[in-house]
Amino acid sequence: MTESDPLHEPDGPKIDREGIHIERDLADQIAIEEELDSNIQGEYRFPPPSRRRIAGWVYLVAGVVAGLTFEGGWWVAGGFLALAVWQFVSSWPLEVDENEAMTTAAAAVDFPIGHASASVRFTGWRSRPRWSVVMYAASEPPDQRALVVVDAVSGEIVETPYVEDITPV
């Protein structure tokens, strides 16, 4: 720690139970990466897995071109067409966003929710999207936490919610 290090100055960032707080001008001064900067706010939309269909169309066109262009190119065309089919069958629409997933998950547990976060994961050979929602009780400090998995296509809870007690530190 040096005296010129703004992260450790007495008037620098504040750390408490709410997290790390860094003033806007200080964040700009020390060039904090955008994904770590808590001052950035706004709408965020997870890119839909259905964008795989674009690759499917590219493989389909490449397969047709290979089949028509090269002598014996139908073997190559078959490979491209197989890739195209794979892209189409694994391009699930993301019907449930993270806010809907958190609402569904909150209804599945019997404690008031404080902090929560959701991350998408993919399961199965066709990569079906699912939201993993982690929730903490609203008490201070939290005395319970839960993990609830919500299907991102149908909105159903697909695994038994895991709830555990947290011992205070």
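Within each chain, residue numbers correspond to sequence positions counted from 1 in written order. Given that this is a predicted model, residues contribute local features only at a pLDDT of at least 70 and side-chain atom pairs are listed and counted only at 80 or more, while totals for whole chains, interfaces and linings are drawn from all residues. Water and hydrogen atoms play no part in the side-chain values, which are based on all heavy atoms of the structure.

**Here's the deal with the overall build of the protein chain**
- Strands are runs of DSSP state E lasting at least 2 residues, helices are runs of H or I lasting at least 4, and numbering of each runs from the N terminus. The helix and strand inventory of the protein chain stands at four helices and six strands.
- Each helix and strand of the protein chain, ordered N terminal to C terminal, gives the series β-β-α-α-α-α-β-β-β-β.
- Exposed residues in this analysis have more than 50% of their type's maximum accessible area, buried residues have under 20%, and partly exposed residues fall in between, with area computed by a 1.4 Å probe over protein chains only. Counting across all 169 residues of the protein chain, residues that qualify as buried make up 27%.
- For the protein chain, contacts bridging at least 24 residues in sequence account for 45% of all contacts bridging at least 6.
- Computed with a 1.4 Å probe, the accessible areas rest on the Shrake-Rupley method; for each residue, only the protein chains presented here act as cover. About 11700 Å² of surface is accessible on the protein chain, with carbon and sulfur atoms providing 57% of the total. Here, residues are in contact when the closest pair of their heavy atoms is within 4.5 Å.

**Some points on the pattern of salt bridges**
- When a carboxyl oxygen of Asp or Glu is within 4 Å of a side-chain nitrogen of Lys or Arg, the pair counts as a salt bridge. Tallying each qualifying case throughout the model produces four salt bridges.
- A salt bridge links Asp151 to Arg128; the shortest N-O distance between them is 2.5 Å. Of this pair, Asp151 sits in strand β5 (residues 144-151) while Arg128 sits in strand β4 (residues 128-137), and the two are 23 residues apart along the sequence.
- A relative accessible area of 3% places Asp151 in the buried class.
- Taking the relative accessible area as the measure of exposure, Arg128 reaches 23% and is therefore partly exposed.
- A salt bridge links Arg130 to Glu159; the nearest nitrogen and oxygen atoms lie 3.6 Å apart. With Arg130 in strand β4 and Glu159 in the loop between β5 and β6 (162-165), this residue pair connects regions lying 29 residues apart in the sequence.
- Taking the relative accessible area as the measure of exposure, Arg130 reaches 18% and is therefore buried.

**Quick notes on the confidence of the model for the protein chain**
- Known as pLDDT, the predictor's confidence for each residue is given on a scale from 0 to 100. On average, residues of the protein chain score 80 in pLDDT, and 77% of them reach the 70 mark or higher.
- The secondary-structure element of the protein chain with the lowest mean pLDDT is strand β1 (residues 14-16), recorded at 47, while β5 shows the highest, at 94.
- Considering only residues more than four positions removed or in separate chains, one finds that residues 13-17, a stretch of pLDDT under 50, has 14 contacts.

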